[in-house]
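Understanding the architecture of this molecule
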Amino acid sequence: MATNLSTALGPYHHHSDTNHRRPFHFTKKRFTISCNSSKRAPPPPPPSSAVAQESKNPSLADQLKPLSTTILSDQPNETHLLSKPKSTWVNPTKPKPSVLSLQRHKRASPYSYNPQIKDLRQFAKKLNDCEESDFVAVIEGIPHPPTRENALLVLNSLKSWQKTILFFNWVKAQNVFPLETIFYNVTMKSLRFGRQFQHIEDLAFEMIEKGLELDNITYSTIITCAKRCNLFDKAVEWFERMYKTGLMPDEVTYSAVLDVYAKLGKVEEVMSLYERGRASGWKPDPIAFAVLAKMFGEAGDFDGIRYVLQEMKSIGIQPNLVVYNTLLEAMGKAGKPGLARSLFEEMVDSGIVPNEKTLTALIKIYGRARWARDALDLWERMRVNGWPVDFILYNTLLSMCADLGLVEEAERLFEDMKGSEKRKPDSWSYTAMLNIYGSGGNVEKAMALFKEMSKTGVDLNVMGCTCLIQCLGRAKKIDDLVRVFETSINGGVKPDDRLCGCLLSVVSYCEGEDADKVLSCLEQANPKLVEFVKLLCGDESANFDVVKEEFKRILSSTAVEARRPFCNCLIDICRNRNFHERAHELLYLGTIYGLYPGLHTKTDEEWRLNVRSLSVGAAHTAFEEWMGTLAKIVQRQETLPALFSANTGAGTHKFSQGLGNAFASHVEKLAVPFRESEGKSGFFVATREDLVSWVQSKAPLVMTTACTN
DNA sequence: ATAGGGTTAG
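Residues numbered from 1 in each chain as written. Chains lettered and ligands numbered in written order. Predicted model: local features only at pLDDT ≥ 70, side-chain atom pairs only at ≥ 80, totals over all residues. Heavy atoms only, no water.

Some remarks on the overall build of chain A
Stated precisely, the cut-off is as follows: Secondary structure elements are taken from DSSP: a helix is a run of H or I of four residues or more, a strand is a run of E of two residues or more, and numbering for both begins at the N terminus. Exposure categories follow from relative accessible area, calculated using a 1.4 Å probe and restricted to protein chains: below 20% of the type maximum is buried, above 50% is exposed, and the middle band is partly exposed. What makes two residues a contact is simply this: any of their non-hydrogen atoms within 4.5 Å.
In terms of regular secondary structure, chain A is built from 37 helices and five strands. Taken across its 709 residues, chain A has 49% of its residues classed as buried. Counting only contacts in chain A whose residues sit at least 6 apart along the sequence, the fraction spanning at least 24 positions is 69%.

Quick word on the sheet that holds strand β5 (residues 683-687)
Where we set the bar: Between any two strands, at least two bridges found by DSSP are needed for them to pair. Note on definitions: angles span 0 to 180 degrees between N-to-C directions of axes, and those axes are lines fitted to C-alpha atoms, for helices only across the stretch in contact.
Strand order in this open sheet of five strands is β1-β2-β3-β5-β4, and the pairing throughout is mixed. In this open sheet, the two strands that pair with only one neighbour each are β1 (600-602) and β4 (675-676). Direction of pairing for strand β3 (residues 643-647) relative to β5: antiparallel, over a ladder of five bridges. Each residue of the ladder has a partner; that of Leu 643, found in β5, is Thr 687. The strands that helix α35 (residues 616-636) touches are β1, β2 (606-610) and β3; relative to β2, the one it contacts most, it runs at about 155°.

Examining the pairing of β2
Burial within β2 is extensive, with four of its five residues counted as buried. Note that β1 and β2 share three bridges and pair antiparallel. When the sheet's bridge partners are listed, His 600 is paired in β2 with Leu 609. If you look at the hairpin formed by β1 and β2, you'll find three residues sitting between the two strands. Pairing between β2 and β3: five bridges, direction parallel. Residue pairing in the sheet places Arg 608 in a bridge with Ser 645 of β3.

What about the protein's contact with DNA strand B?
As a reminder of what qualifies: The cutoff for a nearby residue is simple: one of its non-hydrogen atoms must lie within 4 Å of the molecule or strand. Think of a polar contact as two N or O atoms within 3.5 Å of one another; within protein, one of them needs to be a possible hydrogen donor and the other a possible acceptor, and neighboring residues in sequence only count if both atoms come from side chains. When residue character is reported, Ala, Val, Leu, Ile, Met, Phe, Trp, Tyr, Cys and Pro are called nonpolar, Asp, Glu, Lys and Arg charged, and the others, Gly included, polar.
Around DNA strand B sit 54 residues, and of these Arg 192, Ser 255, Lys 294, Thr 431 and Met 463 come closest. When the atoms of DNA strand B within 4 Å of the protein are sorted by group, sugar and phosphate make up 35%. Take Lys 189: an N or O atom from its side chain is 3.2 Å from a phosphate oxygen of DNA strand B. In the environment of DNA strand B, a base nitrogen lies 3.4 Å from a nitrogen or oxygen atom belonging to the side chain of Asn 395. With seven residues, the top contributor of residues to the surface near DNA strand B is helix α13 (residues 216-228). Of the residues belonging to the surface near DNA strand B, the class tally is 15 nonpolar, 17 polar and 22 charged.

These values are about where atoms sit, not about what they do.
Put into C-alpha cells, the structure is as follows:
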C-alpha cells in the first residue's frame, strides 16, 4: 500500500480533509527528476479553507498537501489550486505561508557571576556521588538558599535522571518561586539522556495543565526523546500538537522532525517538508543536510545524495566533518566507492581532519569494493598523519583485511591489539580473524582461535560461529563442526538464517552419516527447513504443488539476504542426491520468486546466462535448462542471435571461487561448444552455428534432462 | 559545563 501522508500525520488531518487528497505515489525516480530540475516550482498557495480558518497557523497537513499534490499529480490537473491563487499568493501585503519560523528561540542571558557557584558545584558533586536512597537527606545540606539561579545551576549538573526528578520535585515543594519553562526543559534534557519518554510526556502534560508555555526547546526535547526511544508516532504526534497550539517550529525543531520522518523512511514527506521550508525562506544548515544525506544513504539513493550536494552548493554551505562523514557513508551504501574516494580527498584538501568515523566509513567501502591498494594506502596515511583511531576502526581494519584476504596484515594488527591495554580483541575482532582463516581454509588456525576465545573469555557470536562452521564443513571435520555448533548454542548464540544457510550448504556436499549429523544441528536451528529437505529428497512422490507451497512458506519466513543461498543449497542437495528434476523445479520456483533477477539477458546479437550468484549445482541446472530451451527453439526454427555467452564471474569473491572451473568441466562433460573467453576469465562463449549443430546431434539427450514446463 | 537538532561494525 502506498504511504498516505494523512495517515502519517495523524488525527490532526481529518478536519481539513478535501477531495483532492490523494495517496502518495512518490517513487524515487520521480522525486529525483522533480528535485533535480534547476528551477523550483513556486510554492503553491495553501487551500483556501486553511487560509480562512488559520491563516497564521495552518496545520502541517495543510501545509504539505498542496505541495505533494503538485509534485505527485499524474496529470497537470491543478486547476483547483491555480484558479484563484494570485490574489492570495502574489499580494505582497499578505505574508507568505510559512512552515517554520526563521528566527531561533531566544535564549535567556547567561548567568551573571555568582560567588556561590563554587559551593553549589561542590554540592552538586555530592548529590551526584551519593546513593539514591540518601539523596533527599543530602539535598537538605544545600549551602545556599535555593533561589531560581541556584536551583537551575544544580539541576543542570545532575547526571542521573532519577536524581534530576528528585531534585526537581524538591525545588517544587520548597515553593520559593514558581517553576518556569526552563526548569521543565532542563529536567527533560536529563530524562532524555535516560531515555525516559514517559516521564517527559508526564512533565509536558503537567506544563499544559498549569498553563505553562511549551516552547521550541520543550518540543524539540520531547520529539528527539521520542525518536531515541523509537516512539516515532509519539514524535509526530507532539510535532502536530505544536502546530495545533499555534507555535511555529524554528529550524532546530524542524530539522529534528525531518530526522523523524527520515528515520521512518518517509522520503517523500521529508522532501515535502524540506521544500516547504525552503519556500518559506529557510536556509538549511549543515545539520539539516546531514539528515538528508543519511536518509538517502539508508535508501541507497545516489540521485538523492547528488541532490544534497547540489543543494549545499547552490545555497553556499560548506560541508563540515559530520556532513562529510554522513555523505561518505551514504556513497558507500549507494555503491559508489570512487566517488567516496574523491569526496574524501576534497574533504582533506579543504583542511578538514578526518576522524575515526570518517576513516571507518572509508576503510569499509574500500574493503567491500576489494580495493586493496586504496585501503592499504589509506591505512598508511592514517599512520603517517597520526589520524585518530579507535576500537571500531581497528575492528573495521580487521574486517577489511578479511574482505581482501590480507592475512599477514590482519595477524599483525590482531597481535597489536592483544598487546595493547585498551584495545583487547573482542568478539568482533575474533570474528574477523575467523573469517580470514575460514575463507582461506586454514582450519588449524581457525580452531586455535576458537580455543583461545574460550580461554580469554570472549564469546563466539553468530557470525564467528558461521565462519568457523563453514571452514570445518569444507574440511569435512564434521565432528568438530557439531562440537562448535553445540558449544555456541549452549553459550547463547541464537542461530540466524545465515548460519542455517551455512549448515545447509555443508549438508549439500556431505553424504551419509555426516549429512545426518549436520542435519540434526540444522534441526535445532530451523526444523521447518529440515522437514523441507526431507520432503524434497526423502519422499519421491511429493508433488510439485506441495513443494511449491512449502517452499514459498519457507522463503517468506527467511531473511531476504539468505533466500537465494537457501535456494542454491537446496538445488545442490537435490542434484547431489540425484533428484535432478527436483533441482529444476527449485530453480524454476527461485526464478518466479525473484531470487535470480537478471539470470537471462537478451539482445539481438547475444543471449547471455548470468550465473555469478548461483551455486555450482544451480549453475549447472540453469545451464541445462537453457540448453533445453534452446533445443526447442532450434526445433521450431525460430530466430537465434549470433552469439551465446555464460558468465560465471572470475571468482574474485572468496565464496564464488571455483564456479568457473566447475562450469568448464560441466560443459566439457556435456561436450557443449562453449569455450572460456581468452580475454575475460569467467566468460564462456559459443557461436550460433556451433550450438545449433551440437543441439541437432544431442537433441534427444538434452530434451530429457530439461524440465518440461 | 550552564534548557533543544545530525555521523562509526557482518
